[in-house]
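Next come the chains, spelled out residue by residue.
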Amino acid sequence: VRRVTPGGCTWSRSFLPVLQSSSGPRSNHFLKMMSPEVAQQTIYVCVPQRLGIFVSALIQTLISATYILDYKLFVHLYRQFVGGYGVGGRTFVLIGQLSGLFGGVMGVAGTWYGKRDYILSWYGWLYAQLFCYAFMYFFDVPLLLACENFESDLASSVDKYGYNQLMYQMALQGQCDSGRWNFYIKSGLAVLLIMYLISRTSRYLEYTGRLPKHLLRLPKDPTSGAFYSHSLGERSMLNGLWGKYDHHRVAENPVGGDPVLV
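Residues numbered from 1 in each chain as written. Predicted model: local features only at pLDDT ≥ 70, side-chain atom pairs only at ≥ 80, totals over all residues. Heavy atoms only, no water.

Let's talk about helix H4 (residues 71–82)
- In this model, H4 (twelve residues) spans only 13 Å end to end at C-alpha, well below the 16 Å of a helix rising 1.5 Å per residue.
- Along H4, the positions that sit buried rather than exposed are Phe74, Val75, Arg79 and Val82. Axial view of H4: buried residues confined to an arc of 110°, hence all on one face.
- Buried residues belonging to H4 abut helix H3 (49–69), helix H5 (87–113), helix H6 (116–145), helix H9 (165–172) and helix H10 (176–208).
- Two residues or fewer after H4 comes Gly83, characterised by a positive phi angle close to 80°. (Helix = DSSP H or I, 4+ residues; strand = E, 2+ residues; numbered from the N terminus. Expected span 1.5 Å × (residues − 1). Buried < 20%, exposed > 50% of the residue type's maximum accessible area, 1.4 Å probe, protein only. Arc of directions from axis to C-beta. Contact = heavy atoms within 4.5 Å.)

Spelled out as structure tokens, the structure:
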């Protein structure tokens, strides 16, 4: 069975459990039971939302694991996406990637097992990563703007920013301008991707936290609230006093006389 998503992609449903033969009526009924809202929610144009969040969290887990296990490879692949040209920038890259290992694992586990609390941890990490990018820009952008000074005026640059071997090599090789633009474009795309993931994860969390409609639906033909029942074992009924006076005080007669009807 195949389903066409709003983005125009076709996804196979052959992995779905089938109660009987795929051509039988009960199989078609099973497919109709699937919420159309779930089928229409996509990420990255045509990827199902849950699958897209799962893959995104898995990729982040692998990136963070690369940072921990092979820092040189991480720098070679991702420096222009995450920054870290100076000490301040590297500090916030460190915070973002170490916490990203936890956030990514929570996102993978949350989407795999359907745990909303785990997905909330992934969602919170996405916001934390935005703050890490903001502080990284605060340290790295002025450093990149002064890249040429590490060749023309090394002494003043060292006094202001400290000695930076990476900036010195970029200035000597004439890569300051291209390095700046690569960093601006690639890191900007990374920030936009994080903001997009925040939006889609928020929508997914809103859906998973919603009470199912069948639990909100009242049963048919409910009893009117104008009627109520009392047990024949109540004290007023056993004492023969039911309906004769205010039965909130069933052990007392009305003040000033015998029981009367109310």
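Considering the environment of Phe135
- Within the secondary structure, Phe135 sits in helix H6.
- Each C-alpha atom of the pair Phe135 and Gly88 lies 8.1 Å from the other, and the pair is 47 residues apart in sequence.

Quick notes on the pattern of salt bridges
- Tallied over the full model, the rule gives two salt bridges.
- For Glu148, the salt bridge identified is with Arg180, shortest N-O distance 2.8 Å. Residue Glu148 is found in the loop between H6 and helix H7 (149–152), and its partner Arg180 is found in helix H10; the two are separated by 32 residues along the sequence.
- The class of Arg180 is buried, set by a relative accessible area of 10%.
- For Arg180, the salt bridge identified is with Asp177, shortest N-O distance 3.8 Å. (Salt bridge = Lys/Arg side-chain N within 4 Å of Asp/Glu carboxyl O.)

Comments concerning the layout of surface pockets
- Considering only enclosed or pocket space, the second largest pocket measures out at about 410 Å³ in volume.
- Gln60, Ile63, Ala190, Leu193 and Ile194 are the residues nearest the centre of the second largest pocket, which is lined by 20 residues in total.
- Broken down by secondary-structure element, the contributors of at least two residues to the lining of the second largest pocket are H3, H4, H6 and H10.
- With six residues, H10 is the largest single contributor of residues to the lining of the second largest pocket. (1 Å grid on protein atoms, 1.4 Å probe; cavity = no way out; pocket = protein on both sides within 12 Å on 5 of 7 lines; lining within 4 Å. Points joined across faces, edges and corners; volume = space filled by probe spheres on them.)

Brief notes about the nonpolar core
- In terms of nonpolar packing, the biggest core is built from 36 residues, with Phe74, Tyr85, Trp122, Leu126, Tyr133 and Met167 touching the most fellow members.
- Listed by contribution, the elements that provide at least two residues to this core are H3, H4, H5, H6, H9 and H10.
- In contact with Tyr85, not counting residues within four places along its chain, are Arg79, Gln80, Arg90, Asp140, Leu143, Leu144, Asn164, Leu166, Met167, Met170, Gly179 and Phe183. (Core = buried A, V, L, I, M, F, W, Y, C linked by side-chain atoms within 4.5 Å.)

Looking at H5
- In this model, H5 (27 residues) spans 39 Å end to end at C-alpha, consistent with the 39 Å of a helix rising 1.5 Å per residue.
- Along its length, H5 shows its largest kink, about 30°, at Gly100.
- In the stretch just after H5, Gly114 is the one whose phi turns positive, near 70°. (Bend = angle between axes of the 7 residues up to and from the residue.)

Re the confidence of the model for the protein
- On average, residues of the protein score 80 in pLDDT, and 71% of them reach the 70 mark or higher.
- Here helix H1 (residues 25–33) is the element of the protein with the lowest mean pLDDT, 44, and H3 is the one with the highest, 95.
- Here residues 13–34 is a poorly scored stretch, pLDDT under 50, and it has 15 contacts once near neighbours within four places are set aside; other chains count. (pLDDT = per-residue confidence, 0-100.)

Observations regarding a nonpolar patch on the surface
- A contiguous nonpolar surface patch, about 560 Å² in accessible area, is contributed by Tyr127, Phe131, Phe135, Phe138 and Phe139.
- Tracing the chain through its elements places Phe131 in helix H6.
- Given a relative accessible area of 56%, Phe131 falls into the exposed group. (Patch = residues over 30% accessible without salt bridge, like charges linked within 9 Å, V, L, I, M, F, W, Y side chains within 5 Å. Areas by Shrake-Rupley, 256 points an atom, 1.4 Å probe, with all protein chains shown as cover.)

Comments concerning unusual backbone geometry
- The backbone of Tyr44 shows a phi angle near 55°, a positive value even though the residue is not glycine.
- Relative to the helices and strands, Tyr44 resides in the loop between strand S3 (42–43) and strand S4 (47–48).
- The backbone of Val45 shows a phi angle near 80°, a positive value even though the residue is not glycine.
- As for its placement among the helices and strands, Val45 is situated in the loop between S3 and S4.

Section: the side chain of Ser157
- When you line up the elements, Ser157 lands in helix H8 (residues 154–161).
- Judged by relative accessible area, which is 3%, Ser157 ranks as buried.
- Not counting residues within four places of it along the chain, the set of residues in contact with Ser157 comprises Asn149, Phe150 and Gly162.

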